[in-house]
Amino acid sequence: KEKTSLPGEAPNAARDVIELSPADFSLSVNSKEFAASQLTVRNLLNTSVSVSLSAITSSSPKYTLIELSETSVRLKAGEEREIELRARVSDSAAELAQKPGALSERITGRVRASARVAGNSDEEESRFTITTAFQQQSLDGLWTVTPESLELSVQPPQYAVTQTLSIQNNAPVPHAI
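Just so we're clear, the structure is a prediction, and the values are computed from it rather than from any experiment.

If you trace the 5 strands from one edge of the open sheet to the other, you get β2-β10-β9-β4-β6, paired in mixed fashion. Each edge of the open sheet carries a strand with a single partner, namely β2 (24-29) and β6 (72-75). Each strand axis lies, on average, 25 degrees off the axis of its neighbour in the sheet, ignoring direction. Alignment of strand β4 (residues 49-57) against β6, held across 4 bridges, turns out to be antiparallel. By the bridge assignment, Val 51 is partnered in β6 with Val 73.

Structure below.
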């Protein structure tokens, strides 16, 4: 962890510029609705400071979308701000499948807060674990056809018969039939 010495202080009077809490947290994700965890970033100085925030994962998520509510904040002296790390099932994760199954992943990472003031910098990190698990739905039963059967009788000289067939999509998303 890098410590910062501010202008006007003795060179060895290193101090923290910001504080990020909690140090560790976890989230569970099971739908396309966001789950969120609150983080607090606090300015420990008697002067304003700009803070940059980023979420860094140890691997690329397959099924999970992760975002921060803010990636840059300006904090006045002693001010603190609530930031959310939000996660949900990614739009690229298939909700429907011919052969449905349970999809899951465990993502570890950290939220990094970086502050710069008077040419000096300070970095704080908060570690996170996101567990994503969801069940794909089967395509069977998500669409219906009525009537279930058709009987067509064609009698010459008329070779055209009209019958109405209705196809209903009951899936939560559009799909081709």
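Once that is clear, we can look at the pattern of salt bridges. Across all of its chains, the model carries 11 salt bridges by this definition. The closest approach of N and O atoms between Glu 79 and Arg 81, which form a salt bridge, is 3.8 Å. Put simply, Arg 110, Arg 112, Glu 123 and Glu 125 are held in one network by salt bridges that share partners.

Turning our eyes to something else, we now look at the environment of Ser 72. Inspection of the secondary structure puts Ser 72 in strand β6. For Ser 72, a relative accessible area of 52% gives the class exposed. Remark: the alpha-carbon pair of Ser 72 and Ser 52, spanning 20 residues in sequence, is separated by 4.5 Å. Contacts of Ser 72, omitting those with residues within four sequence positions, involve Val 51 and Ser 52.

In terms of nonpolar packing, the biggest core is built from 32 residues, with Val 41, Val 49, Val 51, Leu 53, Leu 85, Val 111 and Ile 130 touching the most fellow members. By residue number, the principal contributor to this core is strand β9 (residues 102-117), which donates 6 residues.

This part is about the sheet that holds strand β1 (residues 18-21). As summarised here, the arrangement of the 4 strands in space is β1-β3-β7-β5, forming an open sheet in which the pairing is antiparallel. Only two strands of the sheet have a single neighbouring strand rather than two, namely β1 and β5 (64-68). On average, each strand axis in the sheet is inclined to that of its neighbour by 20 degrees, with strand direction left out of account.

Right, let's get into a nonpolar patch on the surface. Taken together, the side chains of Trp 143, Leu 150, Leu 152, Val 154, Tyr 159, Val 161, Leu 165 and Ile 167 present a nonpolar region at the surface, about 790 Å² in accessible area. Structurally, Trp 143 can be placed in strand β12 (residues 143-146).

Another point: the packing of aromatic side chains. This model, assessed by the stated rule, comprises 2 aromatic pairs. When the centroid spacing of 5.9 Å and the interplanar angle of 35 degrees are considered together, the rings of Phe 25 and Phe 128 count as tilted. On the criterion of sequence distance, the pair formed by Phe 25 in strand β2 and Phe 128 in strand β10 (residues 120-135) is long-range, its members being 103 residues apart. Pairing Tyr 63 with Phe 134 gives two aromatic rings, centres 6.1 Å apart and planes at 80 degrees, and the pair type is edge-to-face.

Cut-offs and rules
- Residues numbered from 1 in each chain as written.
- Predicted model: local features only at pLDDT ≥ 70, side-chain atom pairs only at ≥ 80, totals over all residues.
- Heavy atoms only, no water.
- Pairing = 2+ DSSP bridges.
- Helix = DSSP H or I, 4+ residues; strand = E, 2+ residues; numbered from the N terminus.
- Axes fitted to C-alpha atoms, helices over the stretch in contact; angles between N-to-C directions.
- Salt bridge = Lys/Arg side-chain N within 4 Å of Asp/Glu carboxyl O.
- Buried < 20%, exposed > 50% of the residue type's maximum accessible area, 1.4 Å probe, protein only.
- Contact = heavy atoms within 4.5 Å.
- Core = buried A, V, L, I, M, F, W, Y, C linked by side-chain atoms within 4.5 Å.
- Patch = residues over 30% accessible without salt bridge, like charges linked within 9 Å, V, L, I, M, F, W, Y side chains within 5 Å.
- Areas by Shrake-Rupley, 256 points an atom, 1.4 Å probe, with all protein chains shown as cover.
- Phe/Tyr/Trp six-rings, centres within 6.5 Å; stacked < 30°, edge-to-face > 60°.

Function-wise, these values are silent; they only describe arrangement.
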